[in-house]
Amino acid sequence: MDTKFKITKNENSKISEVDFDNIPFGKIFSDHMFTADYKDGEWGNFQIVPFGPIQIHPACLALHYGQSIFEGMKATKSYSGDPLLFRPEMHATRINASARRMAMPEFPEDVFVEAIHAIVGLDQKWIPPAEGSALYIRPFMFANGEYIGVGPSDTYKFVIFTGPVGPYYPKPIGLVAEEFYVRAAVGGTGEAKACGNYAGSLLPTELAKQKGYDQVLWLDGKEYKYVQEAGTMNLFFVIDDVVITPATDGAILKGITRDSLLAILDSFGYKIEVRPITIDEIVKASKNGLLQEAFGAGTAVVVANIDRIKYKDNVLKLPVPEKQKVANFLRNEINGIRSQKKADEFDWIVPVKAPEAIKA
Ligand SMILES: Cc1ncc(COP(=O)(O)O)c(C=O)c1O
């Protein structure tokens, strides 16, 4: 594969400073980043450069009006040491769905995927070898027009950087079902990976932490009745041997992990229901002893066991992680597929093909 990217290699690699047995999430960055610029109606200036600060103007539109979107994906190593990507085309498609919602230009999906191959190929030594660890990949796009005025920018920057990560939530997590604050309403921006969605979630999440929980369980913005998602995870519940996840309704992010887990569950013959689910149904199932499991699913967390859910005066207690059989089975399957220890019957795994210029 040849490349249209201009490549400037980092001559001062920081990899020898990294303790791969002890990686804090999101704080270590690999040696290179990919950048591209949008101006005069098209994307160009495709480059791979040493990772470092980006200069922006004080009037940078993204800082003022929030036109900024991102993706989160992971590269892993196979048990034999080959770098692998997981469903990269789905991330390329989703960033463009986010772009359309935020009145931003779409990024060419073939260039997105090629850039991921190039950047991961170049920094493949940064992929941690342990199962459950990965090279986190952060593609993002922001409006960098240099003027004040509410309206879509006429210039944008697209960047991809990466960094090694260990497991996200090593312990089971507790959620508080939020009765006042709202993450997203139908018709809003909840289905886009738009930065403002996350900013709006910070205060309620801090309040949940003050109560001794890890994340907010978001309810719908109209009736505060239907379960949406939590933090950066889609949610699953196992009630009376049926695995239930909320149907995406425009306010819930269409998680790629969610989609993958549903496919695995289906192929193993689990009973699945994808439908609106109310918090009252979950409380009732818990009271009747039928709530067997609850877990979150997302690129960062993979599969996170939930051990407590607070709603009003009820604190629903869930079985200890070892007894959450479906969650543990799914984590094992998806990590196994990602390390090629298990067969990839869905064709999700894409071996990294670095351009010739990078191998040189
Ligand atoms: C709000 C939100 N929900 C769900 C998810 C899970 O999505 P995915 O499995 O694609 O990472 C994420 C993470 O991307 C997220 O930010």
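Student: So what about the site of the ligand? Which residues, and what values?
Tutor: If you check the shell around the ligand, you find 16 residues, and the closest are K193, Y198, E229, T257 and T299. T299 has a polar side-chain atom sitting 2.6 Å from an oxygen atom of the ligand. When the ligand sits alone it has 380 Å² of accessible area, and the protein chains cover 97% of it. Every element with two or more residues in the shell around the ligand is listed here: β12 (233-239), α5 (256-267) and β15 (291-298).

Student: Please set out the domain arrangement of the protein chain residue by residue, giving values where relevant.
Tutor: In terms of domains, the protein chain is made up of domain 1 (6-169 + 348-359) and domain 2 (173-319). Each side of the interface is counted separately: domain 1 has 20 residues, and domain 2 has 25 residues. Here domain 1 meets domain 2 over a buried area of about 1900 Å², counting both sides, of which 66% is carbon and sulfur. Inspection of the region where domain 1 meets domain 2 yields 1 salt bridge. Put simply, D259 and R87 hold a salt bridge, and the shortest N to O gap is 2.9 Å.

Student: If you had to explain the nonpolar core to someone new, which residues and values would you point to?
Tutor: F34, W43, F107, F112, V120, M141 and F158 are the most contacted members of the largest nonpolar core, which totals 53 residues. Among the elements that take part in this core, helix α3 (residues 109-122) stands out by supplying 9 residues, more than any other. Counting contributing residues per domain, this core is built from domain 1 (6-169 + 348-359) and domain 2 (173-319), each supplying no fewer than three. In this view, F34 contacts F5, F46, Q47, I48, F107, V111, A115, I119, F158, V159 and I160; residues no more than four positions away in its chain are not counted. Of all hydrophobic cores here, the second largest spans 27 residues; its members include L219, M233, I244 and I309.

Cut-offs and rules
Residues numbered from 1 in each chain as written. Predicted model: local features only at pLDDT ≥ 70, side-chain atom pairs only at ≥ 80, totals over all residues. Heavy atoms only, no water. Near = heavy atom within 4 Å. Polar contact = N/O pair within 3.5 Å; in protein donor to acceptor, adjacent residues only side chain to side chain. Areas by Shrake-Rupley, 256 points an atom, 1.4 Å probe, with all protein chains shown as cover. Helix = DSSP H or I, 4+ residues; strand = E, 2+ residues; numbered from the N terminus. Domains from an automatic or database assignment. Contact = heavy atoms within 4.5 Å. Buried area = accessible area lost by both parts, 1.4 Å probe. Salt bridge = Lys/Arg side-chain N within 4 Å of Asp/Glu carboxyl O. Core = buried A, V, L, I, M, F, W, Y, C linked by side-chain atoms within 4.5 Å. Buried < 20%, exposed > 50% of the residue type's maximum accessible area, 1.4 Å probe, protein only.

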